[in-house]
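Chain and residue survey
Spelled out from the first residue to the last, the chains are:
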Amino acid sequence: MQKHTDFADFTEIASGATIDTARHGWRAKCLQRLIRIDLPVPRTVALSCDTVRAIAAGQLPDASRLMALFGGALVSVRPSPANPDWGGPGTVLNVGMNAAKHDEFAARHGAAFADALYLGFVQAYAVHVARLDPDMFTAEPSAEALAAALAAYEDETDEQFPQDPARQLTEVLRSMARAWEGTTARLLRAAKGAPDDAALGLVVQEMALAIGPGLAGAGTIQLVEGVTGTPQVTGRFRGFNPEDPGAEETLYLVRDRRGRSLEEAAPGAFTALQDYCRSCRAKLREEMLVEFAMEDGRLRVIDALRVQRSSRAAVRIAVTLAQEGIISRDEAILRVEPRALSELLHYQVDPRAPRDRLARGIAASPGAASGRIVFTAAEAQAAAARDERCILVRRETAPEDIRGMHASVAVLTERGGMTSHAAVIARGLGLPCIVGASDVVINARDRSLRTRDGRTLSQGDFITVDGTNGEVLAGVAEMLEPALDTWFQTLLHWADNVRDIGVRANADTPDDGRTARMFEAEGIGLCRTEHMFFDEDRLTVMREMIFADTAKDRKVALDRLLPMQRADFIALFDIMAGLPVCIRLFDPPLHEFLPHDRDGMRELAEALDRPLSEVTRRVEALSEFNPMLGLRGVRLGVTVPEIYEMQARAIFEATVEASRRGAAVVPEIMIPLVSARREVELVKTRIDAVAAAVRNAAGANFDYRLGVMVETPRAALRAGEIAQHAAFLSFGTNDLTQMTYGLSRDDAGRFMGDYVQQGVFREDPFHVLDEEGVGELLLIGSARGRQTRQNLTLSVCGEHGGNPESIAFCRRAGFNYVSCSPFRVPVARLAAAHLALTDPKETSKPT
């Protein structure tokens with residue numbers, strides 16, 4: 001065991017030394033752990049965070065005493081913040097190099113080596129410590145370059161290059177301490193989550209110079225591949241020739257037919273390095289990258305870092321460590337960031353491949369896809385019919401674009417935010433999507449897209465949409481396949497065993513239902529039935545119903561829609577196999593199903609065999625000043641009751657049929673946009689009557705649950721009386737946020753960035769639930785609802801249902817489940833498990 005020396009301002013790192021991550025930083029603690037597992041770490045001294053703060057303030061340590069610990073050897077100085085992600089000033093190598101050392105090294109290892117070593121230190125010191133112009137210190141190693149660098153330093157500073165090792169060390173320490181306190185450094189680490197008072201420690205370590213008559217050099221090694229997590233020896237080794245320092249030889253680590261390898265050149269050292277990595281893995285409980293040097297065939301371990309890894313690698317590494325008993329299952333769950341799972345569910349751009357970026361926007365739906373540009377839904381459908389991959393590019397999407405989105409492999413819009421139409425539908429479909437791409441200007445008329453750097457792309461050109469990081473790339477990018485593998489499934493099953501809030505999926509079609517089952521959702525929390533009517537064959541019948549002059553004519557059209565709806569519900573019930581399915585009755589205003597341009601109206605007139613003037617008048621009559629607050633949702637159910645009656649009949653007949661074929665079905669029927677108890681009473685009376693009629697006609701009994709979608713502030717405030725007629729309340733936080741703020745989610749993206757940046761809102765309230773405003777309405781509604789009905793089921797079915805912070809709020813508020821788009825279900829399952837493991841459940845109460 002090494003002896004250690006403690007001083008007031010620095011501590012030699014050894015097994016028994018008092019080294020603490022909070023006080024000395026992660027690197028100092030990691031090096032102590034390496035020493036404790038008997039890895040050959042050079043002598044190292046840690047300067048505490050308090051010491052570094054004092055240095056920045058001008059209180060300098062006794063550098064002579066510190067250098068004396070190293071017996072005249074050269075040293076390096078490295079940053080050691082509490083968290084490695086916070087970065088820090090760059091490492092400075094070979095502190096202590098001077099003219100005397102140059103002569104010593106020249107005599108022992110040759111002038112070329114001495115010149116290269118001295119020049120490298122002069123250049124680093126001049127740029128990073130003296131803060132001189134970097135362009136003056138870029139020459140390749142030679143005796144002339146060294147002389148020129150020393151002369152340039154003297155010319156710029158009016159003094160000779162410092163020769164006293166203690167002074168060199170003092171200036172290096174002061175420079176690094178002050179760099180940490182600089183404005184740029186503060187902003188950079190704040191962006192990575194560092195607190196305002198984040199402190200820096202420093203470590204001073206004896207240099208391992210990687211020289212000698214035998215094999216010498218430096219490199220790194222790790223035992224897993226960082227992109228996939230596959231067991232694989234990776235890294236590099238650069239052999240060093242002291243006679244020609246510029247002619248380094250890079251060796252492969254393992255045998256390779258392309259060239260020499262460390263495994264062949266030094267098999268003993270190669271085996272020892274693998275053993276070091278395994279020791280780190282077993283005793284530090286992590287996959288580590290080991291930085292090493294070889295001096296005349298002798299290994300020295302300079303540092304060890306947590307292996308940089310992709311999300312898919314993080315999952316595999318965490319699960320493997322738990323399966324081998326190195327960490328617990330709970331720790332494996334906590335080691336994977338829930339949002340990172342989104343990357344595993346879709347194709348991703350290979351991070352190792354080059355990227356030609358055209359534009360940036362809001363990453364609204366994760367994944368990546370390449371395809372030809374199309375500018376209309378019709379063009380997307382035509383491309384799909386030709387089996388061509390296409391990307392739908394629009395200023396913004398509308399409900400009539402849904403078929404085009406189904407036909408596309410990705411969506412790009414110039415406008416919109418996280419909860420715009422394009423973003424919500426794309427997440428539900430699992431399509432990569434970028435919205436709010438203000439870097440591009442879309443000209444739908446001439447079918448072109450112009451980027452900020454002046455490039456113009458036309459219909460048919462290939463682009464790649466990277467919905468994970470919000471980048472639009474030129475051409476076809478190299479991809480990684482989804483990683484829904486054994487490790488992914490295992491991690492989520494472990495998460496399910498500990499979470500204490502349910503997770504359902506929003507699923508509008510049988511395909512969505514299959515996706516929900518694939519991701520093991522516990523049911524469907526929101527089935528938006530209106531999306532079933534946008535298929536070509538149904539849209540015409542829907543329009544006939546809208547244009548019907550009498551209730552009798554409407555019923556004729558609805559009778560044609562009935563078997564289509566029934567078939568959809570039977571398919572959903574069969575797919576969900578007895579799991580709960582919550583079906584929202586028709587919600588949007590009728591005008592969404594009608595064309596808005598003259599060509600579309602002419603086609604509709606031909607399809608309905610009506611005069612164009614009549615079609616135009618009816619479309620104008622149905623238009624509203626503010627349709628999202630107009631005749632929609634329950635208001636349609638009250639004023640045009642035949643629609644809800646048809647849907648209820650389809651649900652109940654599907655219930656009977658699906659129950660006969662499989663598990664018993666208890667459908668959940670949800671009334672949208674409620675604001676008054678009487679609305680619920682009127683709709684409930686009609687639905688009860690339909691249920692009785694179906695029971696009599698089918699000769700079968702069944703149960704169903706009727707509930708309310710709370711989307712208006714008044715519904716939340718009057719939840720107590722609404723709950724008298726509801727078995728459940730599901731808070732639709734998308735519309736509830738819109739109505740609480742008086743904001744359009746489709747337009748908020750234009751200014752939301754400025755609002756967040758200037759502190760008006762902490763976060764985009766359409767992306768992260770506003771706990772103070774909208775959240776208070778949820779608490780009031782849930783408390784008043786359960787005061788009326790103790791066993792009232794509570795849930796959130798807006799896009800917030802897949803957001804980890806919003807899930808935390810719902811869990812504290814005592815909600816039964818959250819529901820989100822199918823591709824966010826794995827994220828929600830893991831986030832709920834994180835919360836169960838880290839946050840004791842205390843029910844929130846309204847203030």
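Remember, it's a predicted structure, so these values are computed and weren't measured experimentally.

**Topic: the packing of aromatic side chains**
For the structure on display, the rule yields 16 aromatic pairs. Ring centres of Y125 and F161 lie 5.2 Å apart, and the angle between their planes is 70 degrees; on these two criteria the pair is classed as edge-to-face. Placement of Y125 in helix α6 (residues 111-129) and of F161 in the loop between α7 (143-157) and α8 (165-181) is noted, with a sequence separation of 36 residues between them. Here the aromatic residues Y118, F121, Y125, Y153 and F161 are joined through ring pairs into a cluster of three or more. Here R316 stacks its cationic end above the ring of W487, 3.9 Å away from the centre of that ring. When the ring centre of Y817 is taken as origin, the NZ or CZ atom of R504, which lies over that ring, is 3.9 Å away.

**Focus on a negative patch on the surface**
A cluster of like negative charges, contributed by D133, D135, E154, D155, E156 and D158, occupies part of the molecular surface. Its relative accessible area of 44% is what places E156 among the partly exposed residues.

**A short note on the sheet that holds strand β21 (residues 462-466)**
The strand order β12-β22-β21-β14-β15-β16-β17-β13 describes an open sheet built from eight strands, whose pairing is mixed. A strand with exactly one partner marks an edge of an open sheet, and here the two such strands are β12 (357-360) and β13 (362-365). Neighbour-to-neighbour, the strand axes of the sheet open up by a mean angle of 30 degrees, direction not taken into account. Of the strand pairs in this sheet, β12 and strand β22 (residues 471-474) are connected by three bridges, and their pairing is antiparallel. Paired with A359 across the strands is V472, a residue of β22. The strands that helix α16 (residues 421-429) touches are β13, β16 (410-413) and β17 (433-435); relative to β17, the one it contacts most, it runs at about 170 degrees.

**Here's the deal with unusual backbone geometry**
Residue D38 is not a glycine yet carries a positive backbone phi of 65 degrees. On the secondary structure map, D38 appears in the loop between α2 (26-36) and β2 (44-47). Although it is not a glycine, D387 adopts a positive phi angle of roughly 65 degrees. Counting through the fold element by element, D387 comes out in the loop between α14 (377-385) and β15 (390-394). Accessibility expressed as a relative area gives 72% for D387, which makes it exposed.

**Some remarks on the nonpolar core**
F652 and L729 are the most contacted members of the largest nonpolar core, which has 127 residues in total. With near-sequence residues (within four places) excluded, L729 lies in contact with V708, V710, A719, I722, G781, G785, L792, T793, L794 and S795. Counting 53 residues, the second-largest nonpolar core is a separate cluster that includes F113, L132, L169 and M176.

**Examining the pairing of β16**
Side chains on a regular strand alternate between the two faces of the sheet. Side chains A410 and L412 project from β16 onto one buried face, and the interleaved V411 and T413 project onto a second face that is buried too. By the bridge criterion, four bridges tie β15 to β16 in an arrangement that is parallel. For I391, the partnering residue across the bridge sits in β16 and is A410. Running through helix α15 (residues 402-407), the crossover from β15 to the neighbouring parallel element β16 is right-handed. Taken together, the two bridges between β16 and β17 define a ladder with parallel strand orientation. Residue pairing across strands places L412 opposite I434, the latter belonging to β17. Note that the unit made of β16, α16 and β17 has a crossover that is right-handed.

Basis of the calculations
- Residues numbered from 1 in each chain as written.
- Predicted model: local features only at pLDDT ≥ 70, side-chain atom pairs only at ≥ 80, totals over all residues.
- Heavy atoms only, no water.
- Phe/Tyr/Trp six-rings, centres within 6.5 Å; stacked < 30°, edge-to-face > 60°.
- Helix = DSSP H or I, 4+ residues; strand = E, 2+ residues; numbered from the N terminus.
- Lys NZ or Arg CZ within 6 Å of the ring centre and 35° of its normal.
- Patch = residues over 30% accessible without salt bridge, like charges linked within 9 Å, V, L, I, M, F, W, Y side chains within 5 Å.
- Areas by Shrake-Rupley, 256 points an atom, 1.4 Å probe, with all protein chains shown as cover.
- Salt bridge = Lys/Arg side-chain N within 4 Å of Asp/Glu carboxyl O.
- Lys, Arg positive; Asp, Glu negative; His and termini not counted.
- Charge placed at Lys NZ, Arg CZ, Asp CG, Glu CD.
- Buried < 20%, exposed > 50% of the residue type's maximum accessible area, 1.4 Å probe, protein only.
- Pairing = 2+ DSSP bridges.
- Axes fitted to C-alpha atoms, helices over the stretch in contact; angles between N-to-C directions.
- Contact = heavy atoms within 4.5 Å.
- Core = buried A, V, L, I, M, F, W, Y, C linked by side-chain atoms within 4.5 Å.
- Right-handed = clockwise from strand over helix to strand, strands pointing away.

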